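The chain contents come next:
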Amino acid sequence: EADIYQTPRYLVIGTGKKITLECSQTMGHDKMYWYQQDPGMELHLIHYSYGVNSTEKGDLSSESTVSRIRTEHFPLTLESARPSHTSQYLCASSESGRSNEQFFGPGTRLTVL
Amino acid sequence: QKEVEQDPGPLSVPEGAIVSLNCTYSNSAFQYFMWYRQYSRKGPELLMYTYSSGNKEDGRFTAQVDKSSKYISLFIRDSQPSDSATYLCAMSVGGANNLFFGTGTRLTVIP
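In this text, all values refer to a predicted model and were calculated from it rather than measured experimentally.

Visitor: Help me understand the overall build of chain B, please; the structure alone is not making it clear to me.
Guide: Looking only at helices and strands, chain B has 0 helices and 11 strands in total. Counting only C-alpha atoms, chain B reaches 40 × 25 × 20 Å along its principal axes. Expressed as a percentage of the 111 residues in chain B, the buried residues total 47%. Taking the contacts inside chain B whose residues are at least 6 apart along the sequence as the reference set, 54% of them involve residues at least 24 apart. A total of about 5,100 Å² of accessible surface is found on chain B, and carbon and sulfur atoms cover 47% of it. Between the centroid of the 10 positive side chains of chain B and the centroid of its 10 negative side chains there is a distance of 5 Å.

Visitor: Is there a simple way to explain the sheet that holds strand β8 (residues 71–76) of chain B in this structure?
Guide: Sheet strands pair via backbone hydrogen bonds, and the direction of the pair is either parallel or antiparallel. Residue and element names in this part refer to chain B. Here we have 5 strands laid out as an open sheet, ordered β1-β3-β8-β7-β6, and antiparallel in their pairing. Edge positions in the open sheet fall to β1 (4–6) and β6 (54–58), since each of these has one partner strand only. Direction aside, the axes of adjacent strands within the sheet are offset by 15° on average. One ladder, built from 3 bridges, connects β1 with strand β3 (residues 19–25); its direction is antiparallel. When the sheet's bridge partners are listed, V4 is paired in β3 with Y25.

Visitor: Is there a simple way to think about the pairing of strand β9 (residues 87–94) of chain A in this case?
Guide: Two faces make up the sheet, and in a regular strand the side chains alternate between them. Residues and elements named next belong to chain A. Across the 8 residues of β9, 8 count as buried, placing the element largely inside the fold. Where burial is concerned, the two faces of β9 agree: the one with S87, Y89, C91 and S93 and the one with Q88, L90, A92 and S94 are both buried. Of the strand pairs in this sheet, strand β4 (residues 31–37) and β9 are connected by 7 bridges, and their pairing is antiparallel. If you follow M32 over to β9, its bridge partner there is S93.

Visitor: Where do I start with unusual backbone geometry in this structure?
Guide: In the segment running from T7 of chain A into P8 of chain A, the intervening peptide bond is cis, with an omega of -10°. Tracing the sequence through the fold places P8 of chain A in the loop between β1 (4–7) and β2 (10–13). Cis geometry is found at the peptide bond from G9 of chain B to P10 of chain B, where omega equals 5°. A positive phi angle, close to 65°, is found at N53 of chain A, a residue other than glycine. Counting through the fold element by element, N53 of chain A comes out in the loop between β5 (44–51) and β6 (54–57). Relative accessible area serves as the criterion here: at 69%, N53 of chain A is assigned to the exposed category. Unlike most non-glycine residues, R41 of chain B shows phi in positive territory, near 65°. Its place among the elements puts R41 of chain B in the loop between β4 (32–38) and β5 (45–51).

Visitor: Is there a simple way to think about the interface of chain A and chain B in this case?
Guide: A common way to express how large an interface is: the accessible area buried when the components associate. Opposite the 26 residues of chain A that make contact, chain B presents 23 residues. Summed over both sides, the interface between chain A and chain B buries roughly 2,000 Å², with carbon and sulfur atoms accounting for 47% of that surface. Joining chain A to chain B, the criterion identifies 1 salt bridge. Scanning the region where chain A abuts chain B turns up 6 residue pairs in polar contact (both at pLDDT 80 or more). Split into classes, the residues belonging to the side of chain A that touches chain B amount to 12 nonpolar, 8 polar and 6 charged.

Visitor: What's the story with the state of the cysteines in this structure? I'm lost.
Guide: Every disulfide links exactly two cysteines, by a covalent bond between their sulfur atoms. Residues and elements named next belong to chain A. Going through the model one piece at a time under the given rule, you end up with 2 disulfides over all chains. The disulfide bridge from C23 ends at C91, spanning 1.9 Å between sulfur atoms. Here the S-S torsion is close to -75°, and the disulfide linking C23 with C91 is therefore left-handed. Placement of the pair is C23 in strand β3 (residues 19–25) and C91 in strand β9, with a sequence separation of 68 residues.

Analysis parameters
- Residues numbered from 1 in each chain as written.
- Chains lettered and ligands numbered in written order.
- Predicted model: local features only at pLDDT ≥ 70, side-chain atom pairs only at ≥ 80, totals over all residues.
- Heavy atoms only, no water.
- Helix = DSSP H or I, 4+ residues; strand = E, 2+ residues; numbered from the N terminus.
- Buried < 20%, exposed > 50% of the residue type's maximum accessible area, 1.4 Å probe, protein only.
- Contact = heavy atoms within 4.5 Å.
- Areas by Shrake-Rupley, 256 points an atom, 1.4 Å probe, with all protein chains shown as cover.
- Lys, Arg positive; Asp, Glu negative; His and termini not counted.
- Charge placed at Lys NZ, Arg CZ, Asp CG, Glu CD.
- Pairing = 2+ DSSP bridges.
- Axes fitted to C-alpha atoms, helices over the stretch in contact; angles between N-to-C directions.
- Buried area = accessible area lost by both parts, 1.4 Å probe.
- Salt bridge = Lys/Arg side-chain N within 4 Å of Asp/Glu carboxyl O.
- Polar contact = N/O pair within 3.5 Å; in protein donor to acceptor, adjacent residues only side chain to side chain.
- Nonpolar A, V, L, I, M, F, W, Y, C, P; charged D, E, K, R; others polar.
- Disulfide = S-S within 2.5 Å.

That's the geometry; what it means functionally is another story.
Here it is as structure tokens:
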């Protein structure tokens, strides 16, 4: 079944730790995205990729980094987590084309103590 | 000024009511309009997608776009408790990478 997966779903970690949030999709989509979502706020795009070896920063400045070595895989890494990184992180994908219909994964809720 | 404005609610209605959810926007270049439904502790789920102005119906859901007023709506008929969720509007310029989201309206349908 075509879907988009994120792991872990929940993560509580101490300040200074390195973390990687995983995102994989089996939808055959070229484009992938990472959003940050905080309560009562709109989703903010932090990274996107149009294909393998293509990554760009989004509208919201983020200390995280991403990589796109395989079409289906788009991990996000924080080298040194801080309490200000506490948020919900959502991964999405879409086909190439004009419509930009994006399909979201279930999200990772990150808490940095 | 935000690109997309959406009343955060919360909105509570009795089961069977007609629900109207709305967003306004400032960028006249937006051509693609979407509604997402997000249940608690889940990712957003694409509910409705429309291009340019007009109406689109899917079961109990109707999406309307009025580009002249820069106003979009989602109507839910015969609302059910399972419709209780946060509804996010989103829109984009054709071919652009960015979706611009509203903050979401939290809806509760009371049995």
